[in-house]
Amino acid sequence: MFNKVLIANRGEIALRVIVACKELGIKTVAVHSEADRDSLHVRYADDDVCIGPALSRQSYLNISSIIAAAEISGADAIHPGYGFLSENAHFAEIVGECRLTFIGPSPQAIRLMGDKAVARDTAKKAGVPIIPGSDGPVRTLDDAGGVARDIGYPVILKASAGGGGRGMRICWDEEDLGKAFETARSEAERAFGVADVYLEKYLERPRHIEIQVFGDSRGRVVSLGERECSIQRRHQKLIEESPSPAIDEAMRKKMGEAAVRLCQSVNYVNAGTIEFLYQDGEFYFMEMNTRIQVEHPVTEEVTGIDLVKEQILVAAGDPLSVPPGDLRLRGHAMEFRINAEDPVTFAPNPGKIREFHPPGGPGVRVDSHVYRDYVVPPHYDSLIAKLIVTGKTRPDTIARGKRALEQFVIEGVKTSIPLHRAIIEDPRFLKGDLSTRFMETFER
Ligand code: ADP
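Rules used in this analysis
- Residues numbered from 1 in each chain as written.
- Predicted model: local features only at pLDDT ≥ 70, side-chain atom pairs only at ≥ 80, totals over all residues.
- Heavy atoms only, no water.
- Core = buried A, V, L, I, M, F, W, Y, C linked by side-chain atoms within 4.5 Å.
- Buried < 20%, exposed > 50% of the residue type's maximum accessible area, 1.4 Å probe, protein only.
- Helix = DSSP H or I, 4+ residues; strand = E, 2+ residues; numbered from the N terminus.
- Contact = heavy atoms within 4.5 Å.
- Pairing = 2+ DSSP bridges.
- Phe/Tyr/Trp six-rings, centres within 6.5 Å; stacked < 30°, edge-to-face > 60°.
- Lys NZ or Arg CZ within 6 Å of the ring centre and 35° of its normal.
- Near = heavy atom within 4 Å.
- Polar contact = N/O pair within 3.5 Å; in protein donor to acceptor, adjacent residues only side chain to side chain.
- Areas by Shrake-Rupley, 256 points an atom, 1.4 Å probe, with all protein chains shown as cover.
- Salt bridge = Lys/Arg side-chain N within 4 Å of Asp/Glu carboxyl O.

### Let's talk about the nonpolar core
Right, on to step 1. Judged by nonpolar contacts, the single largest core of 33 residues is most densely connected at Ile231, Ile338, Ile384, Leu387, Ile410, Ile423 and Phe429.
Right, on to step 2. For this core, the elements supplying multiple residues, two or more each, are β11 (236-242), β14 (332-339), β19 (383-391), α12 (394-407) and α13 (417-423).
Right, on to step 3. With 4 residues, the top contributor of residues to this core is β19.
Right, on to step 4. Setting aside its immediate chain neighbours within four residues, Leu387 contacts Met334, Glu335, Phe336, Ile338, Pro359, Val364, Arg365, Val366, Ala404, Leu405 and Phe408.
Right, on to step 5. With 29 residues, the next largest nonpolar core counts Ala20, Val222, Val308 and Val322 among its residues.

Listed below in structure tokens is the structure:
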């Protein structure tokens, strides 16, 4: 087992990893930028190292500073969290070369799944259904037009190296495609360093349903059920739940088996997520995330498995602790992402938190790094807390969510709490009638 784990991240996920390490009796090292000196992850870790100025590029994305911090502090493993360097194959490689353990999959698996067009191809080879689209990137408008005519409009142009809901364009007809093609390529080049784009059929009313997977170094891969993440704004998730109201036991098994097949085909080790779009009883592979995800707690609540501890144990060479046999999901769990942002325009709203009273009581979990008088810096993403509620059934869970959102007091910055309180009253939401376009037609 490791003696000391360095957490190459900040915010709530850095705290989440520290919690897991403490419970396993492992020491921790926090790294932080100059803007994060007063962060809780710095206070709770055994050691801390400042790795650079506020700008992520100079701190949380600065590989040499992070490796130096690990060496100075005597860490023997690095947990990358999510975002930042978590899906950077080059970073995972360097960590290994420096005789440190990367708590995550191999650089090869990250690389294979990191390029979305390559991942699509890998899924196809593993017999996992994919959305009709181009074979690999499309290089010219002519090629794109040809593929679009074959599969039929509307289509979606996506950056091969994209992520975080960015680098996607919907084209309703040939004229749209003509206008979008070159812009999409140059935007992809600017944002992700690679101009490649590929094309997919745009599904008009899909649900986003993803499968949590986990592999260990002995070659065992398990699926830990699904999360429905259809409530999104700007292709970014707002509310996630497990189980999905649309999935029955037979479909769960089918999707789980497809996800496991894909992971086995790339010798996947550690935690990962296979994202699917689901429409009219069919599911289609969209992409794989080779890391722990923001919404992992809903799976933890319905499976009883501590995914972050499992990540650390598996990285240390232990077998998966999940017993053999079919997994049963217990009860229902829902996560509300609380962002420091305007609930109407979604514009980030950093600043000083003047009051902070998180809710408590049965079935309520709050994963957050903020406290009263904490200043939310403008340099990073706007997530300030995750409210996770668990109940016996979906209606119980919604009732619990409603009261917990009412009790949650955050003053000083605008937050998404009022938006969540409105969504949770929506008749479509209550019925579980969801799609990724839910927010487009949502009336406040
Ligand atoms: P990212 O990696 O940037 O999160 P994804 O490929 O996971 O991008 O897509 C994010 C979201 O975009 C999905 O959850 C869905 O709402 C929408 N989306 C992506 N591909 C399609 C598609 N082919 N048809 C309809 N919606 C899509």
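### A closer look at the pairing of strand β9 (residues 207-215)
Right, on to step 1. Taken across its 9 residues, β9 has 9 buried, putting it largely inside the fold.
Right, on to step 2. Side chains Arg207, Ile209, Ile211, Val213 and Gly215 project from β9 onto one buried face, and the interleaved His208, Glu210, Gln212 and Phe214 project onto a second face that is buried too.
Right, on to step 3. Here β9 pairs with strand β12 (residues 270-279) via 9 bridges, running antiparallel. Bridging across to β12, Val213 finds its partner in Gly272.
Right, on to step 4. Relative to strand β10 (residues 221-233), β9 runs antiparallel, the two sharing 6 bridges. Paired with Gly215 across the strands is Val221, a residue of β10.
Right, on to step 5. As consecutive antiparallel partners, β9 and β10 are separated by 5 residues, and within that stretch Gly219 has a phi angle of approximately 90°, a positive value.

### Concerning the packing of aromatic side chains
Right, on to step 1. All told, the structure shown has 9 aromatic pairs when counted by the stated rule.
Right, on to step 2. When the ring of Phe276 is compared with that of Phe283, the centres are 5.1 Å apart and the planes differ by 80°; the resulting orientation is edge-to-face.
Right, on to step 3. Phe283 gets classed as buried once you look at its relative accessible area, which sits at 6%.
Right, on to step 4. By way of ring pairs, the aromatic residues Tyr60, Phe84 and Tyr380 are connected into one cluster.
Right, on to step 5. One Lys or Arg, Arg43, reaches over the ring of Tyr371 and ends 5.6 Å from the middle of that ring.
Right, on to step 6. Directly above the ring of Phe429 sits Arg394, whose terminal nitrogen or CZ lies 5.0 Å from the centroid.

### Observations concerning the sheet that holds strand β4 (residues 77-79)
Right, on to step 1. The 5 strands lie next to each other as β3-β2-β1-β4-β5, forming an open sheet whose pairing is parallel. Strands at the two margins of the open sheet, each flanked by one partner only, are β3 (47-52) and β5 (101-102).
Right, on to step 2. Relative to strand β2 (residues 27-33), strand β1 (residues 4-7) runs parallel, the two being bridged by 4 bridges. Note on β2: the bridge partner recorded for Val5 is Thr28.

### Looking at the site of the ligand
Right, on to step 1. Near the ligand, the surroundings consist of 21 residues, among which Lys158, Gly165, His208, Gln232 and Glu287 are the closest.
Right, on to step 2. One nitrogen or oxygen atom from the side chain of Lys158 is found 2.8 Å from a nitrogen atom belonging to the ligand.
Right, on to step 3. In this structure, an oxygen atom belonging to the ligand sits 2.9 Å away from a side-chain N or O atom of Glu275.
Right, on to step 4. Taking 560 Å² as the accessible area of the ligand by itself, protein coverage stands at 95%.

### A short note on the pattern of salt bridges
Right, on to step 1. Throughout the structure, instances matching the rule amount to 38 salt bridges.
Right, on to step 2. Glu23 is paired through a salt bridge with Lys309; the nearest N and O atoms lie 2.9 Å apart. Within this pair, whereas Glu23 is found in helix α1 (residues 11-24), its partner Lys309 is found in helix α11 (residues 307-315), the two being separated by 286 residues in sequence.
Right, on to step 3. The class for Lys309 is partly exposed, based on a relative accessible area of 21%.
Right, on to step 4. Its salt-bridge partner being Arg437, residue Glu440 comes within 3.1 Å of it at the nearest N-O pair.
Right, on to step 5. On the basis of relative accessible area, Glu440 is assigned to the exposed category, the value being 55%.
Right, on to step 6. One salt-bridge network, held together by shared partners, links Glu210, Arg227, Lys237, Glu240, Glu275, Glu295 and Arg337.

### Let's talk about the environment of Ser230
Right, on to step 1. With respect to the helices and strands, the residue Ser230 is situated in strand β10.
Right, on to step 2. Overall, the relative accessible area of 1% leaves Ser230 in the buried class.
Right, on to step 3. Counting along the chain gives 27 residues from Ser230 to Glu257, while the straight-line C-alpha distance between them is 22 Å.
Right, on to step 4. Among the polar contacts made by the side chain of Ser230, one reaches the side chain of Glu228 at a distance of 2.6 Å.

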